[in-house]
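Descriptive analysis of the structure
Residues per chain are reported as follows:
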Amino acid sequence: LPREQRPVEPALRRRGWVRGADVYPMIGVQGFPELTVSDVLRLLAGDFPDLLVESLRQLPGPETWVWVVNEELVFRFPRAGFGRRHARVDVEARVVSAVRETSSGRAHVPPIEYVSPRGYSGQQLVRGVSGEERRPPREAWPALATDVRSLFAAVHGTPPPAGVELEPLPDADELLERACADAPVAGVDALVLGSPPDVRGDPVLCHGDTKPEHFVLGPDDRLAWVLDWADACVAHPMRDLWGIVLW
């Protein structure tokens, strides 16, 4: 329906989401309560009136309510309790824009096309298989490693945009102590862990959360996309190895 003909649900008025025909901020910095189709339609209509929504479907997400719009865009609404993510949506958009200035970034980082002052964003829907769901066979690793190395060389060489925070690495001795304590659970001999490496170098722009689920692979097991830049930070480049080793 045209925006002016869409009914306003009483529940939305009770939550303070609607005044008259317009949608207003409702939650400060704590994130969104669970969203229905009607909720999402009203938010998008209020923030992006030129966006014609023809279809909506929901996807699972641990930190965000994820909605696919028109099978072309993915909107992520931070869940209640994830205030940091809610507050960093502008920073994430600036980081993505900066990284996409590089050729590798344009090839592997989908653009964020919509940013709401309410703390959610929409970006291009990408296709592929999550690294959490697939571990490529050994013979595919050299080519995949080349893709990952190329992208993160571009990321680490990108000047950090405004608002990206400095996050020093945790104390190496403390990490080693924890690793030794956890080694028996993982079936690892703590004696092989050795001493902490001597980590040197200047801090650079980092993705900050390189878990396998944020890597999307193509049908040839090459790197297709790297998603979710909400935890981007300025840190030692070692920061971006943490999640990759989980593969």
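Quick caveat: nothing in here was measured; it's all calculated off a predicted structure. By convention here, each chain's residues receive numbers from 1 onward along its written sequence. Restriction of local features to residues with pLDDT of at least 70 applies here, the model being predicted, together with a cutoff of 80 or more for giving and counting side-chain atom pairs; totals for whole chains, interfaces and linings are based on all residues. Only heavy atoms go into the side-chain values, all of them from the structure, while hydrogens and water stay out.

A helix here means a DSSP run of H or I that spans at least four residues, while a strand means a run of E at least two residues long, and both kinds are numbered starting from the N terminus. Under the convention used throughout, the expected extent of a helix is 1.5 Å for every residue step, that is, one less than its residue count. Between its first and last C-alpha, helix 7 (residues 172–186) extends 20 Å over 15 residues, near the 21 Å set by a 1.5 Å rise per residue. The bend reported for a residue corresponds to the angle between axes fitted to the seven residues ending at that residue and the seven starting there. In helix 7, a bend of some 30° at Cys 180 exceeds every other bend along the element, and Pro 184, a proline, comes one to four places later. Put simply, Asp 171 is the residue that caps the front of helix 7, since its side-chain oxygen is 3.2 Å from the backbone nitrogen of Asp 173. Just past helix 7, the residue Gly 187 takes up positive phi, approximately 75°. The term polar contact refers here to a pair of N or O atoms within 3.5 Å; inside protein, the definition further demands a hydrogen-donor-capable atom paired with an acceptor-capable atom, and it admits residues adjacent in sequence only when both atoms are side-chain atoms.

Attention shifts here to the sheet that holds strand 5 (residues 73–78). Read across the sheet, five strands follow the order 3-4-5-7-6 without closing on themselves; strand pairing throughout is antiparallel. Each end of this open sheet is capped by a strand with a single partner; those strands are strand 3 (56–59) and strand 6 (112–115). Direction aside, neighbouring strands of the sheet carry axes that sit 25° apart on average. Where strand 4 (residues 64–69) and strand 5 come together, six bridges link them in antiparallel fashion. Residue pairing across strands places Thr 64 opposite Pro 78, the latter belonging to strand 5. Only strands that DSSP links by at least two bridges are regarded as paired with each other. A fitted line through C-alpha atoms represents every axis, and for helices the fit uses only the stretch in contact; the resulting angles, taken between N-to-C directions, go from 0 to 180 degrees.

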